[in-house]
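So you can see what is in the structure, the chains are spelled out below.
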Amino acid sequence: MKQYIRKYFYGDYGEGRNGAADISTGQAKQEWPLWEVFIRSRQGLDHKHVGSLHAADAQMAIENARDVYTRRMEGVSIWVVESKHIHASNPDEAESFYDPANDKVYRHPTFYDLPDAVKHM
Amino acid sequence: MNTIDLEKQFQDKIDREIRIEPRDWMPEKYRQTLIRQISQHAHSEIVGMLPEGNWITRAPSLRRKAILLAKVQDEGGHGLYLYSAAETLGITRDQMYEQLHSGKAKYSSIFNYPTLTWADMGAIGWLVDGAAIMNQVPLCRASYGPYARAMVRICKEESFHQRQGFELLLSLSKGNEAQRKMCQDAINRWWWPSIMMFGPTDDASPNSEQSMRWKIKRFSNDELRQKFVDMIAEQVKILGMTLPDPDLKWNEARGHYDFGAINWEEFWQVISGNGPCNKQRLDTRRKAWEDGAWVREAAAAHAAKKAARAQQHAA
């Protein structure tokens with residue numbers, strides 16, 4: 001029997017559509033929710049997505065993220081967000097979605113042909 | 001678009017080395033193959049904690065104890081990276097645990113062998129982790145993005161595992177007669193199971209070809225095994241020990257070491273549940289899962305209570 005389970009997966013977000021979550025066995029049980037983990041590796045850099053984990057609440061997610069993703073001083077700051085709160089663009093629509101930027105080469109500095117004599121530009 | 005076109009498009013992406021991400025279209029068989037492989041790999045990391053965990057309290061020095069603790073903790077972490085990667089394919093964590101506990105899912109058969117002496121900690125690091133690394137490095141370029149990313153992280157951490165194992169054996173090899181004997185004995189017991197870790201020979205491995213076409217696998221079982229044998233046959237000389245294979249010798253024409261026949265009967269026996277520790281390992285995992293049930297429930301109840309309280313405050 002096929003059933004669409006109520007679960008949100010990493011990279012698999014958005015309202016009403018559970019994407020990959022089409023599996024034929026089992027039921028969504030009392031699993032702890034899934035969290036996405038973002039880590040700032042040092043001051044001055046962005047937080048970067050590093051992976052996901054299960055935890056009962058945000059506090060536990062942060063502590064588990066420390067143990068799972070920063071055992072070798074990989075981070076100075078951790079963000080966690082429950083996976084179901086992330087919305088993502090649809091890969092099936094990527095072509096039309098990013099189309100507006102596709103023909104605007106003049107947005108890049110290399111588009112402009114200047115004499116070599118021009119310095120510092 | 002019909003399935004044939006989608007599949008062509010998919011294979012074309014793979015051929016151009018474009019990674020597949022969770023929400024991209026993929027053939028059902030690709031998804032299933034990955035779920036099986038990644039979850040097996042995750043289970044292996046988790047079950048792999050058991051034979052070594054067995055020695056943490058008996059490590060001969062504080063230094064060795066700290067190292068072993070760190071290594072076993074890494075393995076727990078590696079299991080989690082991999083479970084997360086598998087979950088992106090649409091299987092839940094609990095389903096994977098269920099498959100492990102019911103015996104439906106397999107894990108690396110190497111962990112069904114017992115760890116009898118302290119030297120086994122060295123042999124596992126050097127041989128077992130060495131073989132694992134040989135397998136894992138090409139997986140960093142696997143076509144499925146989340147899997148490849150997990151493998152990059154794992155490989156970075158794994159290298160200390162192998163080095164500490166070799167260092168441990170090196171100390172024993174410079175020790176007294178009893179220590180040298182213990183070292184050789186561990187190598188003797190772990191050698192054959194280690195080279196079995198690469199899986200059946202290429203002609204007995206029916207899924208390999210498809211996995212290579214999908215770029216989940218980059219090298220065949222026999223290629224990797226040969227590479228491993230060549231590497232270890234040299235390293236063992238530095239230990240002043242030997243490998244328990246009378247047929248092992250350098251073949252000038254091939255540019256590789258020849259080695260003796262592998263006992264595949266033993267391999268299949270252990271995989272199908274008849275290894276020395278299969279039952280013990282699974283019993284331990286099941287017990288841990290069952291004994292932890294109240295913790296999982298209590299944490300969930302606590303979180304629910306806190307959330308309700310926060311909502312009341314907000315209202």
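Structure: see above.
Figured I'd write up the structure that's included with this text. (Residues numbered from 1 in each chain as written. Chains lettered and ligands numbered in written order. Predicted model: local features only at pLDDT ≥ 70, side-chain atom pairs only at ≥ 80, totals over all residues. Heavy atoms only, no water.)

1. Focus: the overall build of chain B
For step 1, the next point in the chain: Of the regular secondary structure elements, chain B holds 13 helices and two strands.
For step 2, the next point in the chain: Against the 2.2 N^0.38 benchmark of 20 Å for 315 residues, chain B shows a C-alpha radius of gyration of 22 Å, consistent with a compact globule.
For step 3, the next point in the chain: Each principal axis of the C-alpha distribution contributes one length, and for chain B these read about 75 × 50 × 35 Å.
For step 4, the next point in the chain: Counting all 315 residues of chain B, 52% fall into the buried class.
For step 5, the next point in the chain: A separation threshold of at least 6 residues defines the contact pool for chain B, and within that pool the share at least 24 residues apart is 76%.
For step 6, the next point in the chain: Working note: accessible area of chain B is about 14900 Å², and carbon and sulfur atoms make up 57% of it.
For step 7, the next point in the chain: Of the side chains in chain B, 43 bear a positive and 39 a negative charge, and the two mean positions are spaced by 6 Å. (Helix = DSSP H or I, 4+ residues; strand = E, 2+ residues; numbered from the N terminus. Rg over C-alpha atoms; globule rule 2.2 N^0.38 Å. Buried < 20%, exposed > 50% of the residue type's maximum accessible area, 1.4 Å probe, protein only. Contact = heavy atoms within 4.5 Å. Areas by Shrake-Rupley, 256 points an atom, 1.4 Å probe, with all protein chains shown as cover. Lys, Arg positive; Asp, Glu negative; His and termini not counted. Charge placed at Lys NZ, Arg CZ, Asp CG, Glu CD.)

2. Quick notes on helix 2 (residues 28-47) of chain B
For step 1, the next point in the chain: Here helix 2 of chain B is 20 residues long and its end C-alpha atoms lie 28 Å apart, about the 28 Å a rise of 1.5 Å per residue gives.
For step 2, the next point in the chain: For helix 2 of chain B, the buried fraction is high: 14 of the 20 residues fall into the buried class. (Expected span 1.5 Å × (residues − 1).)

3. Considering a nonpolar patch on the surface
For step 1, the next point in the chain: Side chains of V105, Y106, F111, Y112, L114, V118 and M121 of chain A sit close together on the surface and give an oily, nonpolar patch of about 750 Å² of accessible area.
For step 2, the next point in the chain: In this fold, Y112 of chain A is placed in the segment after helix 2 (94-97). (Patch = residues over 30% accessible without salt bridge, like charges linked within 9 Å, V, L, I, M, F, W, Y side chains within 5 Å. Salt bridge = Lys/Arg side-chain N within 4 Å of Asp/Glu carboxyl O.)

4. Quick notes on the sheet that holds strand 3 (residues 34-40) of chain A
All names here are of chain A.
For step 1, the next point in the chain: Judged by pairing direction, the sheet is antiparallel, and its three strands sit side by side in the order 4-3-5 without closing on themselves. Each edge of the open sheet carries a strand with a single partner, namely strand 4 (47-54) and strand 5 (77-82). Each neighbouring strand pair of the sheet contributes to a mean axis angle of 25°, computed without reference to strand direction.
For step 2, the next point in the chain: Relative to strand 5, strand 3 is paired through six bridges, and the arrangement is antiparallel. In the sheet register, W35 faces strand 5, and the bridge partner there is E82. (Pairing = 2+ DSSP bridges. Axes fitted to C-alpha atoms, helices over the stretch in contact; angles between N-to-C directions.)

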